[in-house]
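Reading the structure
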Amino acid sequence: MKEWDRLITVEEMEAATERLLETGKKVGADSWQQRVKNQTPHCGFGEAGTCCRICSMGPCRITPKAPRGICGCDVHGIVGRNYLRFTAGGAAAHSDHGRAIAHTLYLAKEGGNYQVKDPEKLKKIAGEWGIETEGKDIYDLAHEVAETGLMEYGKPFGTQRFLKRAPEARQKIWEEQGIAPRAIDREVSQSLHMTHMGCSSLPEALIRQSFRTGLSDGWGGSMMGTEFSDVLFGTPKPIDTEGNLGVMEKDMVNIVVHGHDPSLSEMVVMYAQDPEMIALAKEHGAKGINVCGVCCTANEVAMRHGIPMAGNFLQQENVVLTGACEAIVVDVQCIFPALGPLSKCFHTKFITTSPIARMPDSEFIEFHEETAGENAKAIVKMAIENFDNRNQDLVFIPELKTKCTVGYSVEAIKKCLDGVTNSHVDELGTTKPLIDCVKAGVLRGAVAMVGCNNPKVRPDTYHIELMKKLLENDIIVIVSGCSAQAAAKAGLLDKEAAKYCGEGLKRVCKLVGIPPVLHMGSCVDISRMMILAADIAKDWGIDICQVPVVGCAPEWMSEKAVSIGNYVVATGIETFLGVNPYTKGSTEVEGLLQGSVKDWVGAKFVVDTDLDSLCEKMMACLEEKRAALGI
Ligand code: SF4
Ligand code: SF4
């Protein structure tokens, strides 16, 4: 095993991937690396956002000779509509996830598959939503809160309940700018309506709706997904685990959970620990059962159970290429359809479970909350029995593994901060110690690093290199999604990584007992970051856009990331992107997103594909915010 006491480099990870691709070649497997080559160069119209196919008079594309589509829509309308549709796809994915969790909460019962693990959090949400808690059975309360949450998706009047968590100044901005989200589904649906042929082509209206739809995700669907997951599965607390491909075990049945919804993975984790299943694994010649995760499902089960994280988005094929994966079990989102044909080159069972994500070449075990126990048991059993079919000649597990401490929910962060609060003088449970560090300049600010991998960027380099530079400059980093996994793989979630930081941050890490990069969870858990930013602003007595914090998605790729970007900017947090969002074909749309939206919400997007200048711009933005606050 490698020393954990140093960072694993991207070069080492790439060497491991190369070795795995050799196995792939041997068995005739396809790879994303090859498919990228096949698809390059990309279509310039698509990349600039200047093609439209929303009606059958088209497809139309804009060129100097053809400045309008057949209906007369100009380039700004086309780019703006495409951008809004991009956002709506992302908001729909997160929000449907939130709805599934709300439905699971509705089905929770004493002694059932799903139970209330954090009653305090449930009561807190009920209190915020004006639901009476006194003398009520906890499951009756859970059902009432779940039903109220489900109504948020389609209620006919009013705006989202969770908006009240933002500072009043922010709520006022949302109202005044006409971007306070109403019902979650309504915003997605209205976006599709607005972008229908012959509706909106005015960039300003399209971007405003992009923000409103994004907010319906961040302060609606995603927030509900996170909050209700905590109620059901427990609010994360700091917990130790491991990261990178070396977490797969050569003598064990390896089950990889991949996707997003923790309702499935929680059950798989539970049944993998069942003595009956472990005994069965031993009967099949394995030493036991090893569950590990990929993408956001990995984040969910790592945060709550310390399940090791095998890797992020562009590592999903690697887990199969190890030849040691008995089953890759998926639910929804970010799952390569390539896993089907790839698994056929190995003994791996590719198990799909959701009617929302059906794929060829997979075993479909339809997962229902009502039958969750038996579904999960069947999945675990299938994986165990498949251990017999493993071809040991193909097995290669790279010896890359890091130590990680994860589980930094807002509640956990405040608890850590309580440890350095003088309880005789100050109240507990606030973000004030953090604010004091920022005011004193011990910390210069914070960066929320989120988002995916994208082959357009050398995988993980932007995440890791940016984090290292920020840490050296006393900027604390909070992470989620595949960015968190990049940090995990490198070793930046280890408390020992504090030694790579500037003096101020190093001291804070040692005093508070935290790693310099705080893992806050999955992509829906970016809503935790919104709550943290809101709480800091409230404790400080300023609006969110004044807090020295910025967002960054250096390797983003999905529609969900676009939705996230919109709600982060609309929340007042300047957001830095390392990949262009298909808007460069319109000066008006770019002018809005990267310029004048700042007049609406106090923040904008900054797009820069160069690592160094992206980093410099982020740091300059934090310093500008400090200067404006006089600190
Ligand atoms: S909506 Fe207009 S620009 Fe789009 S495909 Fe139809 S005619 Fe072409
Ligand atoms: S960060 Fe991106 S790739 Fe990773 S799980 Fe989230 S949306 Fe998918």
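Residues numbered from 1 in each chain as written. Chains lettered and ligands numbered in written order. Predicted model: local features only at pLDDT ≥ 70, side-chain atom pairs only at ≥ 80, totals over all residues. Heavy atoms only, no water.

Identification of the chain as Carbon monoxide dehydrogenase from Candidatus Avoscillospira avistercoris is taken from an unreviewed UniProt entry. Of the comments in the UniProt record for the chain, the one headed Cofactor (unreviewed entry) reads "[4Fe-4S] cluster". (UniProt positions renumbered as here; feature names shortened; annotations may be inferred.)

A word on the overall build of the chain. On a plain count of helices and strands, the chain comes out with 24 helices and 16 strands. Taking 25 Å as the expected radius of gyration for a compact globule of 631 residues, we find that the chain reaches 24 Å, a close match to that expectation. Seen along its three principal axes, the alpha-carbon backbone of the chain occupies a region of about 70 × 65 × 50 Å. The burial tally for the chain puts 62% of its 631 residues in the buried class. Look at the contacts in the chain between residues 6 or more apart in sequence, and 76% of them connect residues 24 or more apart. Summed over all atoms, the accessible surface of the chain reaches about 23,600 Å², with 52% contributed by carbon and sulfur. Taking the average place of the 67 positive charges on the side chains of the chain and the average place of its 82 negative ones, the gap between the two points comes to 3 Å. (Helix = DSSP H or I, 4+ residues; strand = E, 2+ residues; numbered from the N terminus. Rg over C-alpha atoms; globule rule 2.2 N^0.38 Å. Buried < 20%, exposed > 50% of the residue type's maximum accessible area, 1.4 Å probe, protein only. Contact = heavy atoms within 4.5 Å. Areas by Shrake-Rupley, 256 points an atom, 1.4 Å probe, with all protein chains shown as cover. Lys, Arg positive; Asp, Glu negative; His and termini not counted. Charge placed at Lys NZ, Arg CZ, Asp CG, Glu CD.)

The subject of this paragraph is the environment of Gly630. With respect to the helices and strands, Gly630 occurs in the segment after α24 (611-629). Taking the C-alpha atoms as reference points, Gly630 and Glu22, separated by 608 residues in sequence, lie 57 Å from one another.

On to the UniProt feature "binding site: [4Fe-4S] cluster 1" (unreviewed entry) in the chain, then. Per the UniProt annotation, the sites labelled "binding site: [4Fe-4S] cluster 1" (unreviewed entry) are Cys43 and Cys51. Tracing the backbone shows Cys43 in the loop between α2 (32-39) and α3 (44-48). Judged by its relative accessible area of 47%, Cys43 falls in the partly exposed class. Among the secondary structure elements, Cys51 is positioned in strand β1 (residues 51-52). Residue Cys51 is classed as partly exposed on the basis of its relative accessible area, which comes to 31%. Sequence-distant contacts of Cys51, defined by excluding residues within four places in its chain, comprise Phe45, Gly46, Cys60, Arg61, Ile78 and Asn82.

Here we take up the UniProt feature "binding site: [Ni-4Fe-4S] cluster" (unreviewed entry) in the chain. The UniProt feature table records "binding site: [Ni-4Fe-4S] cluster" (unreviewed entry) at His260, Cys296, Cys334, Cys452, Cys482 and Cys523. For this annotated set, covering 264 residues, all C-alpha atoms fall within 13.3 Å of each other, a compact arrangement in space. Among the secondary structure elements, Cys296 is positioned in helix α12 (residues 295-305). In this structure Cys296 comes out as buried when scored by relative accessible area, which is 2%. Excluding anything up to four places from it in sequence, Cys296 contacts Gly259, His260, Gly481, Ser522 and Cys523.

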